[in-house]
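An overview of the molecular structure
As a plain string of letters, each chain reads:
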Amino acid sequence: MTAPDHEPHDAPAAPAPGADELSGRDRALLALERRPWPGPGAKERAIREELGISPVRYYQLLNALIEDERALREDPVTVNRLRRVRDARRGRR
């Protein structure tokens, strides 16, 4: 049995020990999330082309990122918006 193939940007993006900054990948996730999208499929296409990951992986990483206080310090507007959307979805379940 062979090991599963991993996407190129799928490795953990842990910052250097003691660092109080987000990784470049984490910043790229937030930047992509800030952008407006013209229509269906545009965001998913950008995720694949610009980040080199699947949309499913993007949302996994993004959901973990919005719990990170460094992300909140970096981009409070985006992180708080994403937290509100997440909390509203949880409330409907």
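Everything in this summary refers to the structure shown in the same document. Keep in mind that this is a model prediction, so the values were computed, not measured.

Cut-off values and rules
- Residues numbered from 1 in each chain as written.
- Predicted model: local features only at pLDDT ≥ 70, side-chain atom pairs only at ≥ 80, totals over all residues.
- Heavy atoms only, no water.
- Helix = DSSP H or I, 4+ residues; strand = E, 2+ residues; numbered from the N terminus.
- Buried < 20%, exposed > 50% of the residue type's maximum accessible area, 1.4 Å probe, protein only.
- Contact = heavy atoms within 4.5 Å.
- Areas by Shrake-Rupley, 256 points an atom, 1.4 Å probe, with all protein chains shown as cover.
- Arc of directions from axis to C-beta.
- Axes fitted to C-alpha atoms, helices over the stretch in contact; angles between N-to-C directions.
- Parallel < 35°, antiparallel > 145°, perpendicular 65-115°, else oblique.
- Core = buried A, V, L, I, M, F, W, Y, C linked by side-chain atoms within 4.5 Å.

Before going further, it helps to examine the overall build of the protein chain. Counting secondary structure elements, the protein chain contains 5 helices and 0 strands. The secondary structure elements of the protein chain, listed N-terminal to C-terminal, are α-α-α-α-α. Out of the 93 residues belonging to the protein chain, those deemed buried represent 34%. Long-range pairs, those at least 24 residues apart, make up 47% of the contacts in the protein chain with a sequence separation of at least 6. For the protein chain, the accessible area works out to roughly 6400 Å², and carbon and sulfur atoms hold 54% of it.

Here we take up helix α1 (residues 24–34). Within α1, the full set of buried residues consists of Arg25, Asp26, Leu29, Leu30, Leu32 and Glu33. Seen end-on, α1 carries its buried residues on one side only, within an arc spanning 160°.

Following both chains from N to C, one finds α1 and helix α5 (residues 76–92) inclined at 75°, their axes separated by 10 Å at the closest point. When the axis of α1 is compared with that of α5, the two are roughly perpendicular. For the pair α1 and α5, the contacting residues are Leu30, Glu33 and Arg34 in the first and Thr78, Val79, Arg81 and Leu82 in the second.

A separate point is the nonpolar core. Of all hydrophobic cores here, the largest spans 17 residues; its most connected members are Leu29 and Tyr58. Counting only elements with at least two residues in this core, the list comes to α1, α2 (42–51), α3 (55–65), α4 (69–74) and α5. Here the element with the most residues in this core is α3; it accounts for 4 residues. Setting aside anything within four residues of it in sequence, one finds Tyr58 in contact with Leu29, Leu32, Glu33, Lys43, Ile47, Leu51 and Ile53.

To continue, consider the environment of Leu32. Along the chain, the position of Leu32 falls in helix α1. Under the relative-accessibility criterion, Leu32 is labelled buried at 2%. Put simply, Leu32 and Lys43 are 11 residues apart on the chain and 8.2 Å apart in space, counted from C-alpha to C-alpha. If sequence neighbours within four positions are ignored, Leu32 has contacts with Trp37, Ala46, Ile47, Glu50, Leu51 and Tyr58.

Okay, the side chain of Glu33 next. Mapped onto the fold, Glu33 is located in helix α1. According to the relative accessible area criterion, Glu33 is buried, its value standing at 9%.

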